[in-house]
There are 2 protein chains.
Amino acid sequence: MQTTHSIIRFGPLSEFRELLSPERVVFITSSALREKASEKLPMERESGRWIEVPDGESCKTFLVLESVYHALLNFDAGPDTVLVAIGGGSVSDLAGFAAHTWKRGIGLILVPTTLLAMIDASIGGKNAIDIGYAKNAVGSFHLPTSIICDVGWLPSLPEKDLASGMAEAIKHAVLDSEEHVQFFEQLAETRIPLAELGGKTFEDLIRRSQAVKLRYVNADLYDSHERHALNYGHTFGHAIELLTGLPHGFAVAAGMGAANTLAVSRGTLDPVTQGRIGSLLRHFGLPAGIQEAFGMAGRTMDRRALLELIRADKKRRGNYMDFVLPHGIGDVRIEAIPVDELAEVLQT
Amino acid sequence: MQTTHSIIRFGPLSEFRELLSPERVVFITSSALREKASEKLPMERESGRWIEVPDGESCKTFLVLESVYHALLNFDAGPDTVLVAIGGGSVSDLAGFAAHTWKRGIGLILVPTTLLAMIDASIGGKNAIDIGYAKNAVGSFHLPTSIICDVGWLPSLPEKDLASGMAEAIKHAVLDSEEHVQFFEQLAETRIPLAELGGKTFEDLIRRSQAVKLRYVNADLYDSHERHALNYGHTFGHAIELLTGLPHGFAVAAGMGAANTLAVSRGTLDPVTQGRIGSLLRHFGLPAGIQEAFGMAGRTMDRRALLELIRADKKRRGNYMDFVLPHGIGDVRIEAIPVDELAEVLQT
């Protein structure tokens with residue numbers, strides 16, 4: 001069930017007529033995307049079975065999930081039905097959970113519409129919904145049969161959304177190799193605005209990034225160890241995201257910067273590499289440290305609140321926390337770090 | 001994740017102190033069983049974290065599931081928490097789903113308290129909740145790490161509950177072997193009331209029955225083909241259950257009788273074997289045919305409603321339905337049967 005891999009396909013959505021046959025699939029998308037999705041699909045405007053959910057994270061509630069189940073029931077969705085999620089990470093999180101649990105598992109096709117979803121959220125089978133204030137408290141693993149990447153969605157995205165995706169792409173490059181980081185450095189040198197990168201460059205960038213994530217996912221689908229390396233930048237990142245309200249990628253970028261600072265102070269990372277990663281993040285409009293993130297959000301940095309959130313992190317075990325520490329480009333390790341050392345980073 | 005097998009343990013609940021350590025587990029049980037469960041457990045009356053849910057099928061709603069998630073959140077249940085379900089098939093259906101989805105999967109221990117749950121519901125990892133009128137519409141596969149069978153629960157069960165369990169036990173015997181059926185025939189000859197069978201006999205009966213179910217489950221955990229044989233008696237059974245309100249096992253017994261009638265009329269089953277199975281079912285107070293089931297429920301048989309329910313069965317493909325047809329004891333096959341032939345059985 002979880003042993004086969006998803007097939008990643010590139011091309012305009014309109015070319016996947018067979019895969020998206022209205023008789024077999026139920027589409028799920030956010031209200032904001034419904035119109036555009038209909039235009040892009042290879043079918044009549046009003047045909048097909050559609051489930052419309054609220055935009056963004058607010059679709060990941062128990063109430064919306066229940067409405068999705070009732071819609072599937074009304075559509076008489078059976079074991080052969082395929083759920084097609086068109087949207088960002090929130091829609092795929094919700095749809096993935098619904099597909100995993102409807103009739104004990106139906107097919108899932110993901111159509112990511114953001115850069116972040118194409119390189120990250122759509123890969124690896126994780127899904128989730130929120131319970132009260134607990135983000136992603138409930139979820140499962142459910143690999144999509146296909147992921148359709150149509151880069152035609154990207155140019156019209158707000159610059160901030162693209163930059164947010166770039167943060168995870170740069171994270172993957174640092175996890176990967178010198179060559180991958182240089183690819184981004186060369187991209188930065190061209191000074192082309194993100195929205196104008198063009199389909200070919202986007203496709204190249206996305207394929208490289210997906211390959212890195214897939215390597216970690218395939219080594220450890222159920223996220224028991226190796227896959228944790230993908231959390232580079234995320235321990236500080238989650239806390240920053242909560243306190244600043246910045247988009248996910250921005251908070252992760254700042255978290256990577258903070259992890260790098262810790263790594264330099266521990267002597268595992270050289271300052272030159274730290275500088276290179278920082279410049280790259282800043283070039284794409286991302287913060288490369290905690291102070292920068294709070295400044296960008298127009299807020300004063302709250303050290304106490306940050307520290308409290310970090311202490312509440314599930315990865316903490318007593319005075320230690322499993323932390324993703326960079327030792328160099330292509331060499332990122334999971335290490336137990338004293339929580340006090342994390343606190344010190346907040347002073348810098 | 002699904003590759004390891006559950007460990008089935010026999011013995012009084014009080015002997016499993018280590019497995020049920022209150023620091024590590026959250027108990028979930030029905031209101032009716034809460035008191036008795038506390039008495040049987042190897043711990044202080046008021047210690048432990050408990051989730052109480054409504055009795056029977058009414059616990060399998062989306063609303064109750066949400067309350068379980070909130071309780072897990074309040075108990076700060078993390079990836080290392082183990083959910084311990086004490087109850088019949090409804091509680092384990094709900095708890096299995098919650099365990100599968102909380103934090104993308106936590107440990108599960110099942111403590112079945114009915115005969116049916118010990119030999120059937122607790123084995124094989126299937127769980128489910130209902131959506132509106134759709135029984136088991138949402139669910140997953142989640143194998144418990146341990147199943148604790150304490151036969152001490154059984155003598156105090158109502159005779160009807162025990163008989164209901166016997167139906168699935170006899171079903172397993174017919175799927176299994178001549179020797180297994182003779183075991184029940186000898187048991188029937190003793191004329192000992194079910195509640196007085198005694199721990200040793202119950203344990204023997206349960207172990208035999210579990211072994212049969214495990215054989216099918218291990219051959220096909222995700223229920224794609226071989227496991228369907230366990231549906232013997234269930235196509236008619238589900239319809240009978242819905243229309244008569246009889247306990248599950250009673251309806252399945254009647255469904256087995258109806259399947260046997262069909263098999264005899266098709267020439268795959270000899271009437272002597274049909275007679276033996278019928279006698280066995282009747283000995284334990286179970287109906288061995290559709291008419292008998294309706295009579296037992298004090299209702300007039302509604303052929304039209306039965307036929308409609310059978311036509312609505314998910315296993316139907318056009319004019320054919322995958323049906324579990326007995327060819328003899330130890331030889332039960334899955335065959336495509338014309339729906340019209342099923343209708344004819346209702347005339348008999």
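Residues numbered from 1 in each chain as written. Chains lettered and ligands numbered in written order. Predicted model: local features only at pLDDT ≥ 70, side-chain atom pairs only at ≥ 80, totals over all residues.

1. So, the relation of the copies chain A and chain B
Where we set the bar: Superposition of the copies used a least-squares fit over C-alpha atoms from residues whose pLDDT is at least 70 in both. Residues are scored as being in contact if the C-beta atoms we place from backbone atoms lie within 7 Å.
It takes a turn of 180° to lay chain A on chain B, together with a shift of 0.0 Å along the axis; the resulting RMSD is 0.0 Å. Taken together, the rotation and translation relating the two chain copies correspond to the operation of a two-fold axis. Taken together, the interface assignments show that 100% of the residues at the interface of chain A recur at the interface of chain B, consistent with an identical surface on both copies.

2. Side note on the UniProt feature "domain: 3-dehydroquinate synthase C-terminal" (unreviewed entry) in chain A
Our working definition: UniProt positions are given in the numbering used here, feature names are shortened, and annotations may be inferred rather than shown by experiment. Numbering goes from the N terminus for both helices and strands, where a helix is a DSSP run of H or I of at least four residues and a strand is a run of E of at least two.
When the UniProt feature table is mapped onto this chain numbering, "domain: 3-dehydroquinate synthase C-terminal" (unreviewed entry) sits at residues 165–315 of chain A. Annotation note: span residues 165–315 of chain A, helix share 69%, strand share 0%, distance between end C-alpha atoms 25 Å.

3. Regarding helix H10 (residues 271–283) of chain A
Residue and element names in this part refer to chain A. Basically, it comes down to this: In this scheme, a helix's expected span is set at 1.5 Å multiplied by one less than its residue total. Partly exposed residues are those whose C-beta has more than 12 but fewer than 20 other C-beta atoms within 10 Å; 20 or more makes a residue buried and 12 or fewer makes it exposed, with C-beta atoms placed from the backbone. To be clear, the arc concerns the directions from the helix axis to the C-beta atoms.
With 13 residues, H10 extends 18 Å from end C-alpha to end C-alpha; this agrees with the ideal 18 Å at 1.5 Å per step. Restricting attention to buried positions, one finds in H10 the residues Thr273, Ile277, Gly278, Leu280 and Leu281. The buried residues of H10 all sit within an arc of 160° when viewed along its axis, so they share a single face. Looking at H10, the residues exposed on the side facing more than 90 degrees away from the buried face are Pro271, Val272 and Ser279. In this structure, the buried side of H10 is in contact with helix H5 (159–176), helix H6 (178–190), helix H9 (248–265) and strand E10 (320–328).

4. Structural notes on the packing of helix H8 (residues 234–244) of chain B against helix H12 (residues 303–311) of chain B
To describe two helices that pack against each other, one gives the angle between their axes and the distance between the axes. Residues and elements named next belong to chain B. Which entries qualify depends on this criterion: Only the stretch in contact is used when a helix axis is fitted, and all axes are lines through C-alpha atoms; the angle between N-to-C directions ranges over 0 to 180 degrees. Orientation categories follow fixed angle ranges, with anything under 35 degrees roughly parallel, anything over 145 roughly antiparallel, 65 to 115 roughly perpendicular, and all other angles oblique. What makes a crossing left-handed is the near helix being turned counterclockwise from the far one by less than a right angle; a clockwise turn instead makes it right-handed.
The contact between H8 and H12 brings their axes to 9 Å, and the two run at 130°. Classified by the angle between their axes, H8 and H12 sit oblique to one another. The chirality of how H8 crosses H12 is right-handed. Note on element contacts: H12 touches H8 through Ala305, Leu306, Leu309 and Ile310, opposite Thr235, Ala239, Leu242 and Leu243.

5. A short note on unusual backbone geometry
Positioned with a positive phi, Asp76(A) is a non-glycine residue whose angle comes to about 55°. You can see Asp76(A) is positioned in the loop between helix H2 (62–74) and strand E4 (82–87). Residues other than glycine seldom take positive phi values, yet Asp223(B) does so here, at roughly 60°. With respect to the helices and strands, Asp223(B) occurs in the loop between helix H7 (199–219) and H8. Assessed through the 19 C-beta atoms surrounding it within 10 Å, Asp223(B) is described here as partly exposed.

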